[in-house]
Amino acid sequence: MFQFKRFAVRQDRTPMKVGTDGVLVGAWASVEAADRRMLDIGTGTGLIALMLAQRTEGAASEVRITGIDVEDVAQARENAAASPWGRRLDFVQEPVQVYRPGERFDLIVSNPPFFVDSLTCPDPGRTTARHAVSLPFEELRDAAVRLLAPGGRFAVVLPTAEGERFATLCRGRLALRRLTRVRTTPRRAAKRVLMEFVPAGACDGLPTCDELIIGTGGHECYTEEYRALTRDFYLKF
């Protein structure tokens, strides 16, 4: 079990565990006062959905967050039920490619499978979670286009090379509004990229770009920027 400040995540029955990528995008995605419907694609343990529920706690009780996954969502439901926000969280086991909720979403967030050309893992669950087999980038893009409300945002975290590929695939259908390159330490190249898209035509000009460095280089030494981003969640901050 992974303990956060306001909730706990049990993860013994899900292939992918709590990791930095999920925490990053869950904390980084922009949440606006008018948001009422949010979607977590590839929810796994429900981590990102729980983070969004915490972040909207004081906004309005009618804010609802849905998590969707091709894997079993029973553990995500258990984690939500044990949290303070269970009544605002729903989880659906269904491929997002065929998901038809009847409403569009103000915010969509995803920590998607991202390995495209690498060898798959012998564990089928980890292959589904880590490799873009069940959710190719083109289909993730198309799901975001179909499910986003006109003024909605789609936030995603990917390795740097895969992020560049995904951004290229989105051209003409989704517009990149924000981009943050993530380094583990000042001396290392960016390993991850956080990207926020809006419907094509909803964003004029170049995206806002910046950089986030997680650690200073010393053992368990984190930058103030990373602490500020995640301190509402991590116990150690």
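Right above here is the structure, for reference.
Residues numbered from 1 in each chain as written. Predicted model: local features only at pLDDT ≥ 70, side-chain atom pairs only at ≥ 80, totals over all residues. Heavy atoms only, no water.

Some details on the overall build of the chain
Each helix and strand counted, the chain has seven helices and ten strands in total. In terms of overall size, the chain behaves like a compact globule, its C-alpha atoms giving a radius of gyration of 17 Å where 237 residues would be expected to give roughly 18 Å. Dimensions of the chain, computed from the C-alpha atoms along their principal axes, are close to 45 × 45 × 40 Å. Classification of the 237 residues of the chain by burial places 47% in the buried group. Summing over all exposed atoms, the chain offers an accessible surface of approximately 11,300 Å²; the carbon and sulfur share of this is 49%. Averaging the coordinates of the 33 positive side-chain charges in the chain and doing the same for the 30 negative ones gives two points 3 Å apart. (Helix = DSSP H or I, 4+ residues; strand = E, 2+ residues; numbered from the N terminus. Rg over C-alpha atoms; globule rule 2.2 N^0.38 Å. Buried < 20%, exposed > 50% of the residue type's maximum accessible area, 1.4 Å probe, protein only. Areas by Shrake-Rupley, 256 points an atom, 1.4 Å probe, with all protein chains shown as cover. Lys, Arg positive; Asp, Glu negative; His and termini not counted. Charge placed at Lys NZ, Arg CZ, Asp CG, Glu CD.)

Side note on helix H3 (residues 74–81)
Within the sequence span of H3, burial applies to Gln75, Ala76, Asn79 and Ala80. For H3, the arc enclosing every buried residue in end-on projection is 140 degrees, short of the 170-degree limit, so these residues lie on one face. Next to the buried residues of H3 lie strand E2 (8–9), helix H2 (47–55) and strand E5 (89–93). (Arc of directions from axis to C-beta. Contact = heavy atoms within 4.5 Å.)

Things to note about the sheet that holds strand E8 (residues 174–183)
Read from one edge of the open sheet, eight strands run E5-E4-E3-E6-E7-E9-E8-E10, paired in mixed fashion. Whereas interior strands pair on both sides, the edge strands pair on one side only; in this sheet they are E5 and strand E10 (208–213). Strand-to-strand twist in this sheet, taken as the mean axis angle between neighbours without regard to direction, amounts to 20 degrees. Both E8 and strand E9 (residues 192–199) contribute to a ladder of eight bridges, which runs antiparallel. In the sheet register, Val182 faces E9, and the bridge partner there is Arg192. Strand contacts of helix H1 (residues 20–28): strand E6 (105–110), strand E7 (148–159), E8, E9 and E10, with the helix running at about 40 degrees to E9, the strand carrying the most contacts. (Pairing = 2+ DSSP bridges. Axes fitted to C-alpha atoms, helices over the stretch in contact; angles between N-to-C directions.)

Some words on the pairing of E7
Most of E7 is tucked away: ten of the twelve residues are buried. Of the strand pairs in this sheet, E6 and E7 are connected by five bridges, and their pairing is parallel. Directly across from Ser110, in E7, lies its bridge partner Val156. Here E7 runs beside E9; their pairing, made up of six bridges, is antiparallel.

Quick look at helix H6 (residues 160–170)
Owing to its 3.6 residues per turn, the α-helix aligns residues three or four sequence positions apart on the same side. Of all the positions in H6, only Glu162, Gly163, Phe166 and Cys170 are classed as buried. Take H6 and look down its axis: the buried residues cluster within an arc of 100 degrees, on one side only. For H6, the exposed residues lying more than 90 degrees away from the buried face are Ala161 and Glu164. On the buried face of H6, the contacting elements are helix H5 (137–147), E7, E8 and E9. Gly172 occupies a position one or two residues after H6 and carries a positive phi of about 90 degrees.

Some thoughts on the pattern of salt bridges
Counted by the stated rule, this structure contains 15 salt bridges. In this structure, Glu196 and Arg177 form a salt bridge, with 2.7 Å as the shortest nitrogen-oxygen distance. Here Arg177 lies in strand E8 and Glu196 lies in strand E9, a separation of 19 residues in the sequence. For Glu196, a relative accessible area of 0% translates into the label buried. (Salt bridge = Lys/Arg side-chain N within 4 Å of Asp/Glu carboxyl O.)

Topic: the environment of Val182
Relative to the helices and strands, Val182 resides in strand E8. Note: C-alpha distance between Val182 and Glu103 (79 residues apart in sequence) is 33 Å. When neighbours within four sequence positions are excluded, Val182 is seen to be in contact with Leu24, Ala190, Lys191, Arg192, Leu194, Leu212 and Ile214.

Observations concerning the state of the cysteines
The term disulfide refers to a covalent linkage connecting the sulfur atoms of a pair of cysteines. Scanning the model with the defined rule gives zero disulfides in all. The thiol sulfur of Cys170 is not disulfide-bonded, and the nearest other cysteine sulfur, from Cys203, lies at 13 Å. Of all cysteine sulfurs in the structure, the one in Cys209 sits closest to Cys203, which takes part in no disulfide; the separation is 11 Å. (Disulfide = S-S within 2.5 Å.)

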